[in-house]
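Overview (structure and organization)
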Amino acid sequence: ELAARAHILAIDDVIRRTLGAAGKTINDIDIVAATAGPGLIGGVLVGWMAAVGIAQSTGKPLVAVNHLEGHALVPRLHAASASGADGATSVDFPYLLLLASGGHCQILLVRGVGKYDMIGQTLDDSAGEAFDKVAKMLNLGYPGGPVVDRRGAMGNSQAFKFPRPLCDKPGCDFSFSGIKTAARTFLNKINPPYSDDFINDFCASFQAAVVDCMINRLTHAMQDSRVIMAAPKTLVVAGGVAKNSAVRASLEKLAARHNMVFAAPPMNLCTDNGAMIAWAGLENYQIGRVVKSPIAPRPRWSLTEM
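Predicted model only: the values in this text are computed from it and were never measured.

Parameters at a glance
- Residues numbered from 1 in each chain as written.
- Predicted model: local features only at pLDDT ≥ 70, side-chain atom pairs only at ≥ 80, totals over all residues.
- Heavy atoms only, no water.
- Buried < 20%, exposed > 50% of the residue type's maximum accessible area, 1.4 Å probe, protein only.
- Helix = DSSP H or I, 4+ residues; strand = E, 2+ residues; numbered from the N terminus.
- Arc of directions from axis to C-beta.
- Contact = heavy atoms within 4.5 Å.
- Patch = residues over 30% accessible without salt bridge, like charges linked within 9 Å, V, L, I, M, F, W, Y side chains within 5 Å.
- Areas by Shrake-Rupley, 256 points an atom, 1.4 Å probe, with all protein chains shown as cover.
- Salt bridge = Lys/Arg side-chain N within 4 Å of Asp/Glu carboxyl O.
- Axes fitted to C-alpha atoms, helices over the stretch in contact; angles between N-to-C directions.
- Parallel < 35°, antiparallel > 145°, perpendicular 65-115°, else oblique.
- Nonpolar A, V, L, I, M, F, W, Y, C, P; charged D, E, K, R; others polar.

What to know about helix 6 (residues 177-187)
Considered for burial, the residues of helix 6 that qualify are I179, K180, A183 and L187. One side of helix 6 holds all its buried residues, which, seen down the axis, span an arc of 100 degrees. On the buried face of helix 6, the contacting elements are helix 4 (127-137) and helix 7 (196-221).

Written as structure tokens, this is what we have:
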């Protein structure tokens, strides 16, 4: 409720400032795209109704964007805009995607815009949530992912033993609650304050366990019959956890071992941003997916329901 009220107070100013910074007016806009879910419904409603108002008052086409599809498609924006100038590679369909953020952890076969096969997903916590909670246990602040990555780079990943849930099981689903619980159980036995070396080693060891789980599940996914039949040439990571340097490095090595190209959004397009929604809106518009009658935003909206 507090977030929704803050959205109401900010939305008009955000639109004005964005147009002003771009040197554009509302009449220069060709398409209006906005998130219609999933997410906390109060904030989603504010943004969606602002978009509906703009589209109706200007007669512009309106596209309802799935927030997760914004993450899933944004590596294609970077590749298209870079045109190879900075080493960005083309991200063509189909591709195998690890979508990892504070709220989600999924392995998806991306066949095209709106065409997703769920290969694996978390059974409990997401990877980003696990990073955030461990950072909170160590009093490292929020968001926890960047600081765990930074501190882990200075530590010994073999210093502490964390479980690798489901890594000895078939399938492609994740579970991160056990790693998080192991961290809490261990820290409950030690009185703070923690030394810098202890924090660095703890973050490195925890991060290594999360990355090992990701690599294990992705390796299984590459053996899934749907993935084998589709023969994707690119392994993509997206979402806030895609900023993690250890995750990127390990997935790049995994892709190379399987003769696949590795792709990820630039750092500033990994966490939630407007550019990814704009790009997903454009991709959907190009295949005719526009709003033709009133729709209700959704707090839950799986990519497999597109």
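Thoughts on a nonpolar patch on the surface
Together, I41, L45 and M49 make up an exposed nonpolar region whose accessible area comes to about 250 Å². Inspection of the secondary structure puts L45 in helix 2 (residues 41-58). The exposure class assigned to L45 is partly exposed, which follows from its relative accessible area of 37%.

Details of the packing of helix 4 against helix 5 (residues 144-152)
Look at helix 4 against helix 5: their axes get within 8 Å of each other, and the N-to-C directions meet at 70 degrees. The angle between the axes of helix 4 and helix 5 places the two elements in the roughly perpendicular class. Residues F131, D132 and A135 of helix 4 touch helix 5, and the partners they reach there are G144, G145, V147 and V148. Tallied by class, residues from the contact of helix 4 with helix 5 come to four nonpolar, two polar and one charged.

Let's talk about helix 4
Across the 11 residues of helix 4, eight count as buried, placing the element largely inside the fold. Once helix 4 finishes, N139 follows within two positions and takes phi at roughly 60 degrees, a positive value.

Focus: the pattern of salt bridges
The full count for this structure, using the stated rule, is 10 salt bridges. For the salt bridge of K180 with D125, the shortest nitrogen-to-oxygen distance reads 2.7 Å. Taken as a pair, K180 in helix 6 and D125 in the loop between strand 5 (115-121) and helix 4 lie far apart in primary sequence, 55 residues in all. A relative accessible area of 10% means that D125 is categorised as buried.

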